[in-house]
Structure formats: structure tokens, C-alpha cells
Amino acid sequence: MSLKKLIFIGLATFNITLALAQSSNNTSAFLDNVRFGGSIGLGFTNNGFNGSISPSAIYQFNDQFASGASLSFNYAKFDEDKFLAYGGSVLSLFNPIPQIQMSAEFEQLRINRTIATQTIDVEDNYWLPAFFIGAGYSTRNVTVGLRYDLLYNDNKSIYGNALMPFVRVYF
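Report on the accompanying structure.

The rules behind the values
- Residues numbered from 1 in each chain as written.
- Predicted model: local features only at pLDDT ≥ 70, side-chain atom pairs only at ≥ 80, totals over all residues.
- Heavy atoms only, no water.
- Helix = DSSP H or I, 4+ residues; strand = E, 2+ residues; numbered from the N terminus.
- Buried < 20%, exposed > 50% of the residue type's maximum accessible area, 1.4 Å probe, protein only.
- Pairing = 2+ DSSP bridges.

Take unusual backbone geometry next. In this structure, Asn 47 takes a positive phi of about 60° despite not being glycine. Along the polypeptide, Asn 47 turns up in the loop between strand E1 (34–45) and strand E2 (48–60). Judged by its relative accessible area of 58%, Asn 47 falls in the exposed class. One non-glycine residue, Asp 79, lies in the positive phi region at around 55°. When you line up the elements, Asp 79 lands in the loop between strand E3 (65–78) and strand E4 (81–97).

Here's what the structure looks like:
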């Protein structure tokens, strides 16, 4: 998926929430339902590490549903190989009960990686999509859980594996 498609998806999400705000004719009520925060993620494997930070904004439709967009920055190192990724995502959150949060997130990242060989370092730059489904335990503004990348590619992904813990906070 190209950057143009990701921008389109992000703008479509923004336009839908903006249309909902305009239909109420009350910008203050719209802003009262916008929550800011994000998530951090850590992944560990044999000889590897992955860390990510993703500030985001969501619109809280009601006590159960929220949707929004996020920016992402990721760094990973496996043995002597290094990966740097940046991009964005759109996400939806569902709380069937206040303590349980389920999520779906489509992420598009620009990957810059350096793979060390015995003779030279090989550089590779490409776009990588990820589609996460997740579940977590929520208490107040914090959710701790696990997410799984349905599009995980062992040869291209910067994540150590398809399963990744997360901490998500919104205010």
C-alpha cells in the first residue's frame, strides 16, 4: 500500500469524525470526545530488540467505540541488523465491557534497514503494511495487552514476531 492510500484512509477517517461534529453544530461537544495519547511497544527475541512509540488521537463515539489515527516511530536491532521505521496508522477500539478493550489497526511504515554481512552492509528501503488485532485489560485511561500482526512477513517485518505486547494510554 502506498503513502497516498494511507493518507487517503487517514483523511477519510478525519472527514467522518468532522462530519459527525458538524452534524451536532457544537464544536465544543466534538472536542470533548477527542482523546489524545498513544502507545508504546517493546519486543524481545534472541539477540533482538524492537521498540515503538505511537502518539495518537481518537474520537470517542460512545463508551464502547472509538476510532482515530496515529503516527509511528519504530527502531529494531537483531544481531548486527538495524531497522528504522516511521509512518502512520488508523485504528478502531471496542470495549465490550469497561475492563476489556479489543482493537484493530492498519499501519503503513516506511522501512529503512541495514543488513550486515561478512563483507558489506546491505541497505534496503521499502513500504511495509501491518494489520494488528489486539486485546487488552483497561483500567481508567490505560490499556495493557497483546496485539497480533495478521500481515506479518518474517523476511520484511521489523517486529521480532507477529505477537507484540503494548501499553496504550488516552486522556
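Time to look at the pairing of E2. With twelve bridges connecting them, E1 and E2 associate as antiparallel partners. Counterpart to Gly 37 in the pairing with E2 is Ser 56. Once E1 ends, the chain turns through two residues before running back antiparallel as E2, passing Asn 47 with a positive phi of about 60°. In this structure, E2 lies alongside E3, joined through eleven bridges in antiparallel fashion. Bridge pairing links Gln 60 to Ala 66 in E3. Hairpin connection from E2 to E3: four residues lie between these consecutive antiparallel strands.

Geometric values such as these leave the question of function open.
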